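Residue strings, one per chain:
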Amino acid sequence: MNVQLEQKIAFSILFLCTLLVVVPVLIILVIIFVKGASALSLNFLFEMPTSGMTAGGIFPAILGTLYLVLGAILFAVPLGVLSAIYLVEYSRDNALSRIVKLAIVNLAGVPSVVYGLFGLGIFVLFLGFGASILSGSLTLGIMILPVIITSSREALESVPQSFRIVSLSLGASKWQTIRHSVLPHALPGILTGTILGLGRAAGETAPILFTVAAFYLPKLPQSVFDQTMALPYHLYVISTQVPGIPENVRYGTALVLLMLVLILNLAAIILRYQFRKRKKW
Amino acid sequence: MSIVIVALIFAFLLKEGLSIFWRVPISDFLFARNWYPISDPPQFGILPLIIGSILVTAGAGIISIPIGIASALFIAEIAPRKTKEVLKAGIELLAAIPSVVIGFIGMVTLGPFIKEIFNLSTGLTALSGSITLAFMAMPTIVSIAEDAITAVPRQYREAAIAMGATKWQTTWRIVAYAARPGMVAAVMLGIGRVIGETMAVMMVTGNAALIPHSILQPVRTLTATIAAEMGETVQGGEHYAALFAIGIVLFIITFLINGIADIYLHKAKK
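Every value quoted in this text rests on a predicted model; they were computed, and no experiment measured them. (Residues numbered from 1 in each chain as written. Chains lettered and ligands numbered in written order. Predicted model: local features only at pLDDT ≥ 70, side-chain atom pairs only at ≥ 80, totals over all residues.)

Participant: Where do I start with the overall build of chain A in this structure?
Facilitator: Secondary structure summary: chain A contains 11 helices and 2 strands in total. Reading the helices (α) and strands (β) of chain A from amino to carboxyl end gives α-α-β-β-α-α-α-α-α-α-α-α-α. Each of the 281 residues in chain A was classed as buried or not, and the buried ones make up 48%. Across chain A, the fraction of contacts at a sequence separation of at least 24, relative to all contacts at a separation of at least 6, is 76%. (Helix = DSSP H or I, 4+ residues; strand = E, 2+ residues; numbered from the N terminus. Buried ≥ 20, exposed ≤ 12 C-beta atoms within 10 Å, placed from the backbone. Contact = placed C-beta atoms within 7 Å.)

Participant: Whenever I open this one, the overall build of chain B confuses me. Can you help?
Facilitator: Across its full length, chain B holds 13 helices and 2 strands. Expressed as a percentage of the 270 residues in chain B, the buried residues total 53%.

Participant: Would you take a moment to explain the packing of helix H6 (residues 99-118) of chain B against helix H7 (residues 126-150) of chain B for this structure?
Facilitator: For any two helices packed against each other, one specifies the inter-axial angle together with the distance between the axes. All names here are of chain B. It is the contact of H6 with H7, at a shortest axis distance of 10 Å, that shows an interaxial angle of 140°. One element, H6, and the other, H7, form an angle in the oblique class. By crossing handedness, the relation of H6 to H7 is classed as right-handed. Contact residues: H6 offers Ser 99, Ile 102, Gly 103, Gly 106, Leu 110, Gly 111 and Ile 114, while H7 offers Leu 127, Ser 128, Ile 131, Thr 132, Phe 135 and Met 136. Tallied by class, the residues present in the contact of H6 with H7 amount to 7 nonpolar, 6 polar and no charged. (Axes fitted to C-alpha atoms, helices over the stretch in contact; angles between N-to-C directions. Parallel < 35°, antiparallel > 145°, perpendicular 65-115°, else oblique. Left-handed = near helix turned anticlockwise from the far one by under 90°. Nonpolar A, V, L, I, M, F, W, Y, C, P; charged D, E, K, R; others polar.)

Participant: Where do I start with the interface of chain B and chain A in this structure?
Facilitator: By a widely used convention, the size of an interface equals the accessible area lost when the partners come together. Across the contact, 58 residues belong to chain B and 58 residues belong to chain A. For the side of chain B that touches chain A, the element with the highest residue contribution is helix H1 (residues 2-17) of chain B, accounting for 10 residues. Its residues placed into classes, the side of chain B that touches chain A shows 41 nonpolar, 13 polar and 4 charged.

Participant: What's the story with the nonpolar core in this structure? I'm lost.
Facilitator: Considering soluble globular proteins, one finds that nonpolar side chains tend to be buried as a cluster. A:Leu68, B:Val101 and B:Ala145 are the most contacted members of the largest nonpolar core, which has 176 residues in total. Discounting chain neighbours no more than four positions away, the residues touching A:Leu68 are A:Ile133, A:Gly136, A:Ser137, A:Leu140, A:Ala201, A:Ile208, A:Val212 and A:Ala230. (Core = buried A, V, L, I, M, F, W, Y, C linked by C-beta atoms within 7 Å.)

Participant: Would you mind showing me how to read the packing of helix H5 (residues 112-126) of chain A against helix H6 (residues 133-157) of chain A here?
Facilitator: All names here are of chain A. Viewed as axis vectors pointing N to C, H5 and H6 meet at an angle of 135°, and their least axial separation amounts to 9 Å. Classified by the interaxial angle, the pair formed by H5 and H6 is oblique. Two packed elements cross with a definite hand, and for H5 against H6 that hand is right-handed. Listed contacts from H6 to Ser 112, Tyr 115, Gly 116, Gly 119, Phe 123 and Val 124 of H5 are Ser 135, Leu 138, Thr 139, Ile 142 and Met 143.

Participant: Where do I start with the environment of A:Lys8 in this structure?
Facilitator: Turning to its location among the elements, A:Lys8 is positioned in helix H1 (residues 3-37). Along the primary structure A:Lys8 and A:Met48 are separated by 40 residues, whereas in three dimensions their C-alpha atoms are 58 Å apart.

Participant: Explain helix H10 (residues 231-241) of chain A to me, please; I cannot follow it from the model alone.
Facilitator: Side chains three or four residues apart in an α-helix point the same way, a direct result of the helix having 3.6 residues per turn. When you tally the buried positions in H10(A), you get 9 out of 11 residues, the bulk of the element. Of the positions making up H10(A), those classed as buried are A:Leu231, A:Pro232, A:Tyr233, A:His234, A:Leu235, A:Tyr236, A:Val237, A:Ile238 and A:Ser239. Of the surrounding elements, those touching the buried residues of H10(A) are helix H3 (59-90), helix H8 (174-203), helix H9 (206-209) and helix H11 (247-278) of chain A together with H6 and helix H11 (199-204) of chain B.

Participant: Can you help me understand the confidence of the model for chain B in this one?
Facilitator: When pLDDT drops low, the exact placement of atoms in the prediction is not to be read closely. Per-residue pLDDT for chain B has a mean of 83; in total, 96% of the residues score no lower than 70. Across the interface, the model reports ipTM at 0.83; the global pTM reads 0.84. (pLDDT = per-residue confidence, 0-100.)

Participant: Help me understand the environment of B:Thr171 in this model?
Facilitator: Residue and element names in this part refer to chain B. Note that Thr 171 resides in helix H9 (residues 167-178). Judged by C-beta crowding, with 24 C-beta atoms within 10 Å, Thr 171 ranks as buried. Residues contacting Thr 171, with those up to four places away along its chain left out, are Leu 73, Glu 77 and Ala 176.

Participant: Is there a simple way to think about H7(B) in this case?
Facilitator: Residue and element names in this part refer to chain B. For H7, with 25 residues, the first-to-last C-alpha span of 35 Å sits near the 36 Å given by 1.5 Å per residue. Ala 137 marks the point of greatest bend in H7, at about 35°, and the proline Pro 139 comes within the next four residues. Within H7, 23 of the 25 residues are buried, which leaves the element mostly enclosed by the surrounding structure. (Expected span 1.5 Å × (residues − 1). Bend = angle between axes of the 7 residues up to and from the residue.)

Participant: Teacher, can you tell me more about the environment of A:Ile58 here?
Facilitator: Residues and elements named next belong to chain A. Tracing the backbone shows Ile 58 in the loop between strand S2 (55-56) and H3. Ile 58 gets classed as buried once you count the C-beta atoms within 10 Å, which come to 27. In sequence terms Ile 58 and Thr 205 are 147 residues apart; their C-alpha atoms lie 16 Å from each other. The contact partners of Ile 58, leaving out residues within four places of it in the chain, are Phe 44, Pro 49, His 234, Thr 253 and Val 256.

In structure tokens form, the structure reads like this:
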């Protein structure tokens, strides 16, 4: 066969495959936007669900997700950033750091439902927090820890070595160097990772199934030891567990969840782009 | 800290799950054909669940591996710069969609569609699960394979072109060949994601804990079983322990898969 023809055919096939990946994404987004938009209103966003969740709003689920995500971040960011600082700045390249890196890779690969089991075992039962916002936040926090550690590590590693050498040569201590010469430059990268982690935590359902999520609550949570509703779990409940939920309520809930996650991801992408543009070295 | 957490996860799974093996021998647990956790006496054989997971994963792999690798080649080698940025953004977008939303869409669009074409009583089958999961594996496979392809040294391409090879011959025989370890890692990580996926699979596979005879029947996976049944168990009871034991099995499977992927990633870096 003519090699040019062969090339044309091959490239067309590759192109079609790529379309197969990207086009359904657009279709999914369009379906959810079109069918969900009619449900969106201020009442939908800021009211309690009524008549067995078939009407009214989804405010408790939105609020619950915000609480959970906030809790997860409060726990995971300090821990993740400190681990990354240790790995990049202090540890040597030895067996221990190799094991730590392997552990992080594995943490990232653990199925989300296994995190749920773990959260149930340790936070809900062993530490006695019960099914509560605290247990759910900690479980989600542990789940996004690898995301935060990995991106913080990359951010720290991308700060040129010369910055550290100059600072040290001026008599700054190792910690002062990290604090004033390295961290400020790594901050945008760390922030990007944090936002991506946020997006992941907001969308996950399996880890919160047994640690916090409530089917339906008539009132908002009062403390960190209360259960709460959450958006992803709410979508799961109204699309599989409860019959007779109007279609636009289901699509509306999916749309709110999707927008929340996409806005977070978009913010991360923009931040990364700005950071790359500003970078001078 | 990370080591401690990995160890803690494993320790707690063992602590809660091992007690089931006092009552059910490991071989029966893994290979008995019946999962009837709430009948009397209960039967805890996870073979149907393992087969469910394997079937759905294999299906997803068959769909997503060729398409994913092809897209990665297209994005890395052929697409012009601007198109490349758009495509990469699209794939990042796909990775960002929460699994419960993908499950929901699969349930309301793909389910009825499959029911219609194959004339079935329900569209929530292993096939629907495979297609849905293929999409969830795609971003992982494409982005990691694309990294591997981009990392192939420029000289390889230049040398091949200089020898008179067409761009396609270079892409297929030289670049793709050199990027193999990275591609293997991409595939492994994609499969790891599929095996661990819970919500989407629970919503689209129909959830029947029976050994399926074809891909057009409902199945239930390991992950979905944990998620669906944990709410109904008595804490500390046999059923509860059995679900944690499934967690142990999943943990070990993903541990192995990630280990293999890591080895190939290191190979790719060299």
